[in-house]
Amino acid sequence: MITALRKDQSSDGSWDYPFETGVSTDAYMIILLRTLEMNDEELIQALVERILSRQEKNGAWKLFYDEIDGNLTATVEAYYALLYSGYRDQTDKELIAARRRILEWGGIEKSHMMAKFMLSLTGQYKWPAFFPIPIEFILLPLSFPINFYDFSVYGRTNLAPMLILADQKFSLKTQRSPDLSHLFLSRESKENNEFFLYRSEDWRSFSSFIHQGIKNIIGLPASIHSIALQQAKKYILDRIEADGTLYNFFSSTFLMIFSLLALGYPRDYPVITKAVEGLKGMACKIDGHTHMQYTTANVWNTSLISYALQRAGVPWDDSMIQQANNYLLSRQHGRYGDWVIHNPFSNPGGWGFADQNTMHPDIDDTTASLRSISRLARNDPVYRQAWDRGNKWIFSMQNHDGGWAAFEKNVDKKIVSYIPIEGAKYLFADPSTADLTGRTMEYLGNFTNLPIEHPAIKNGVNWLKRDQEKDGSWYGRWGICYIYGTWAAITGLISTGVRSEHSSIQKALKWLKNIQNEDGGWGESCYSDIHQTYIPLTVSTLTDTAWALDALIAASDNVTPEIQAGVKFLLDHSDKKDWTAAYPKGQGMAGGFYIHYHSYRYIFPLLALSNYRNKFLSRINGL
């Protein structure tokens, strides 16, 4: 594994393994290029080939391998892109099969709200008469019980252009635009254009509350509407990265481009053309096919890989580690981002996820980068300064409840859950989570000299104990899902002084042992995320096994049969390259998209095996 990682390192010191998310971004890129009439035929043909390569025999597309029958939204998006590309026709067998599956599922009107939004702005779906959040919402002050900055930064960066587009009811078709009316199950459903979730009266209360607040605080003259549009535009333009993308996310950049068109900017406006080039720059090759990444994962890959290599015995002054840490040092943030709204007394010092990210740091990337540079921080004053800045930022970001979230501090108002937008809980909230809190606690316990009585540690430990599920597991927000969260929580608790005999640890260990497969490994389905309960994959994967094994190692004083079986699975299957090797291990939004990190097959097995060797084999050899 070390040899493979050394070979794959990029010239800038990073590892740019793909961030793979299915076919949606490939489809949206085709739709974007055709709508803008930027006919990059080579790229469009390459994306068409990849989309077709992922089609199932029944005509559908899936988000993950064991998804029963397929996914309606992914199939609608793929079908639309293939038709719009001009390289496939309604009479082609691939599209006939896809259309049959879409209609069997209830038609295009049953697709995800975000897909309907895209269909509306490209002229394929009628805009609803009502949007649950008016554009003036962006003007509400921070003192108002709910305001724009009570949404997570990930939600805001998508919501700002959405507010413009919904307000303007913008739609743009071209001469090449296909007609998707045949994907509606009935004429009645085609005319019923509401696509938000009005499941109860809660949304009416929420909407009335927002509108009344706007009326009472800022009024509703025409000038206020114009100011709100300008404020939304300013929010977007102020957060464009050097590559032209909005926060380095595909979705927000896609929406930004259309929002600028809605405001009257021409298709060849420099901000738009640079944004398109920025998106093109996120293309990668996977198995010979071109894939549009949702973002790049260079910082995340590099911080995790560098630390895992060091745990495996590669010295900190090895050229591979030196180059990796030089890269990480260059990516530490010096700009203030939205996180400062809720944390106004801290200076920048975090790290982001993507290569071009300069103002959108997150807790996980920051602790991962600090682990990687920890040895250099003892010997080099430049790294020591970076280390100190990063630690101060981490401490300042602890939530009032004792846990840590992904991007911001105390952004978890329950009123957000009443917004009638599909996936609002995941799109707009940024609560404390077991995976973020556990990994932060593991970092603090193993890499700082804080006493276990320190308030930050005590509060984090107490939060994790409260968050544990009844069966002993923890839910991990950014991974799949319960194995991930349980690994993070156990290693975090053990590292900060919680003894393995504690009831929380014992319950978690019992749960992990009970779900171990006969082959010694572990495997979890993406359905765990959708159903919010543990769903086994029925087969073992390298990453799941590494997470579970590492948790057992951390909480065990001796090698147990379960640990032995897990180690054997990793050793016997390290070269495994079947579908389990590409199974998603990260999540974006429940039921929306899932992430296959190509780096994980190296990172976590390497880390678990190294921890096994360092804890047990070194002891045996010493004796």
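Everything discussed here concerns the structure shown above.
Below or above, wherever it landed, is the structure these notes cover.

Cut-offs used in this document
- Residues numbered from 1 in each chain as written.
- Predicted model: local features only at pLDDT ≥ 70, side-chain atom pairs only at ≥ 80, totals over all residues.
- Heavy atoms only, no water.
- Helix = DSSP H or I, 4+ residues; strand = E, 2+ residues; numbered from the N terminus.
- Rg over C-alpha atoms; globule rule 2.2 N^0.38 Å.
- Buried < 20%, exposed > 50% of the residue type's maximum accessible area, 1.4 Å probe, protein only.
- Contact = heavy atoms within 4.5 Å.
- Areas by Shrake-Rupley, 256 points an atom, 1.4 Å probe, with all protein chains shown as cover.
- Lys, Arg positive; Asp, Glu negative; His and termini not counted.
- Charge placed at Lys NZ, Arg CZ, Asp CG, Glu CD.
- 1 Å grid on protein atoms, 1.4 Å probe; cavity = no way out; pocket = protein on both sides within 12 Å on 5 of 7 lines; lining within 4 Å.
- Points joined across faces, edges and corners; volume = space filled by probe spheres on them.
- Nonpolar A, V, L, I, M, F, W, Y, C, P; charged D, E, K, R; others polar.
- Axes fitted to C-alpha atoms, helices over the stretch in contact; angles between N-to-C directions.
- Left-handed = near helix turned anticlockwise from the far one by under 90°.
- Phe/Tyr/Trp six-rings, centres within 6.5 Å; stacked < 30°, edge-to-face > 60°.
- Lys NZ or Arg CZ within 6 Å of the ring centre and 35° of its normal.
- Salt bridge = Lys/Arg side-chain N within 4 Å of Asp/Glu carboxyl O.
- Polar contact = N/O pair within 3.5 Å; in protein donor to acceptor, adjacent residues only side chain to side chain.
- Parallel < 35°, antiparallel > 145°, perpendicular 65-115°, else oblique.
- Expected span 1.5 Å × (residues − 1).

Brief notes about the overall build of the protein
Logical step 1: Per the secondary structure count, the protein includes 25 helices and 7 strands.
Logical step 2: Computed over C-alpha atoms, the radius of gyration of the protein comes to 24 Å, within 12% of the 25 Å expected from 2.2 N^0.38 for 623 residues, which places it in the range of a compact globule.
Logical step 3: Expressed as lengths along the three principal axes of its C-alpha atoms, the size of the protein is roughly 75 × 55 × 45 Å.
Logical step 4: Buried residues in the protein amount to 61% of all 623 residues.
Logical step 5: A sequence separation of at least 24 residues applies to 74% of the contacts in the protein between residues at least 6 apart.
Logical step 6: When the accessible surface of the protein is split by element, carbon and sulfur atoms take 50% of a total near 24000 Å².
Logical step 7: In the protein, which carries 62 positive and 67 negative side-chain charges, the distance between the mean positions of the two groups comes to 2 Å.

A word on empty space enclosed by the protein
Logical step 1: In total, this model carries 7 cavities of 30 Å³ or more according to the counting rule given.
Logical step 2: Of all elements in the fold, only α15 (363-377), β6 (586-589) and β7 (593-597) reach the threshold of two or more residues within the lining of the largest cavity.
Logical step 3: The leading source of residues in the lining of the largest cavity is β7, at 3 residues.
Logical step 4: When the residues that make up the lining of the largest cavity are grouped by side-chain class, the tally is 17 nonpolar, 5 polar and 4 charged.
Logical step 5: Estimated volume of the second largest cavity: approximately 90 Å³.
Logical step 6: The wall of the second largest cavity is formed by Thr541, Leu542, Thr543, Thr580, Ala581, Tyr583, Lys585, His596, Tyr597, Tyr600 and Arg601.

Observations regarding the packing of helix α18 (residues 434-447) against helix α19 (residues 455-467)
Logical step 1: Packing of α18 against α19 brings their axes to within 10 Å, and their N-to-C directions diverge by 145°. For the crossing formed where α18 meets α19, the hand is left-handed. Contact residues: Ala434, Thr437, Gly438 and Met441 in α18; Ala456, Ile457, Gly460, Val461, Trp463, Leu464 and Asp467 in α19.
Logical step 2: Looking at the contact of α18 with α19 residue by residue, the class counts come to 7 nonpolar, 3 polar and 1 charged.

Re unusual backbone geometry
Logical step 1: A cis amide bond, omega -20°, links Ile480 with the succeeding residue Cys481.
Logical step 2: Although it is not a glycine, Asp69 adopts a positive phi angle of roughly 70°.
Logical step 3: Positionally, Asp69 belongs in the loop between α3 (41-53) and α4 (72-85).
Logical step 4: By relative accessible area, which is 44% here, Asp69 ends up partly exposed.
Logical step 5: Backbone geometry places Gln532, a non-glycine residue, at a positive phi of 55°.
Logical step 6: By the secondary structure assignment, Gln532 is in the loop between α22 (527-531) and β5 (536-541).
Logical step 7: Since its relative accessible area comes to 32%, Gln532 is described here as partly exposed.

Here we look at the packing of aromatic side chains
Logical step 1: Counted under the stated rule, the structure contains 43 aromatic pairs.
Logical step 2: Ring geometry for Trp387 and Tyr443: centres 5.9 Å apart, planes at 65°, overall edge-to-face. Placement of Trp387 in helix α16 (residues 381-396) and of Tyr443 in helix α18 is noted, with a sequence separation of 56 residues between them. Accessibility assignment for this pair places Trp387 and Tyr443 in one class, buried.
Logical step 3: Chaining the aromatic ring pairs together yields one cluster made of Phe19, Trp300, Phe353, Tyr484, Trp487, Trp547, Tyr597, Tyr600 and Phe604.
Logical step 4: Sitting over the ring of Trp105, Arg101 keeps its end group 4.4 Å from the ring centre.
Logical step 5: The ring of Trp478 has Arg477 lying over it, and the distance from NZ or CZ to the ring centre is 4.0 Å.

Considering the pattern of salt bridges
Logical step 1: The final tally for this structure, using the stated rule, is 24 salt bridges.
Logical step 2: A salt bridge links Glu20 to Arg50; the nearest nitrogen and oxygen atoms lie 2.8 Å apart. Separated by 30 residues along the polypeptide, Glu20 in strand β1 (residues 19-20) and Arg50 in helix α3 bring together distant segments of the chain.
Logical step 3: Residue Arg50 is classed as buried on the basis of its relative accessible area of 2%.

Side note on the environment of Thr367
Logical step 1: Its location among the elements puts Thr367 in helix α15.
Logical step 2: Once the C-alpha coordinates of Thr367 and Gln310 are considered, the two residues, 57 residues apart in sequence, prove to be 15 Å apart.
Logical step 3: Those residues in contact with Thr367 that sit more than four places away from it in its chain are Ile394, Thr440 and Tyr443.
Logical step 4: There is a polar contact of 3.2 Å between the side chain of Thr367 and the backbone oxygen of Asp364.

Looking at the layout of surface pockets
Logical step 1: In this structure, the second largest pocket encloses a volume near 1200 Å³.
Logical step 2: Around the second largest pocket, the lining is made up of 39 residues, and of these Glu20, Asp287, Ala581, Ala582 and His596 lie nearest the centre.
Logical step 3: Breaking the lining of the second largest pocket down by element, the ones donating at least two residues are α3, β2 (283-286), β7 and α25 (600-622).
Logical step 4: Element by element, the count of residues in the lining of the second largest pocket is highest for β7, at 3 residues.
Logical step 5: Looking at the lining of the second largest pocket, its residues break down into 18 nonpolar, 8 polar and 13 charged.

A look at the packing of α15 against α18
Logical step 1: Between α15 and α18, the least distance of the axes is 9 Å, while the angle of their chain directions is 25°. The angle between α15 and α18 places the two elements in the roughly parallel class. Here α15 and α18 pass one another in a crossing that is left-handed. On α18, the residues touching Ile363, Asp364, Thr367, Leu370, Arg371 and Ser374 of α15 are Leu436, Arg439, Thr440, Glu442, Tyr443 and Phe447.
Logical step 2: Each residue belonging to the contact of α15 with α18 can be placed in one class, and the counts come to 5 nonpolar, 3 polar and 4 charged.

Description of helix α2 (residues 24-36)
Logical step 1: The terminal C-alpha atoms of α2 lie 18 Å apart, and with 13 residues this matches the ideal 18 Å at 1.5 Å per residue to within 8%.
Logical step 2: Judged by how many residues are buried, α2 sits mostly within the fold: 13 of 13 residues are covered.
Logical step 3: Glu37 sits one or two positions beyond α2 and adopts a positive phi of about 55°.

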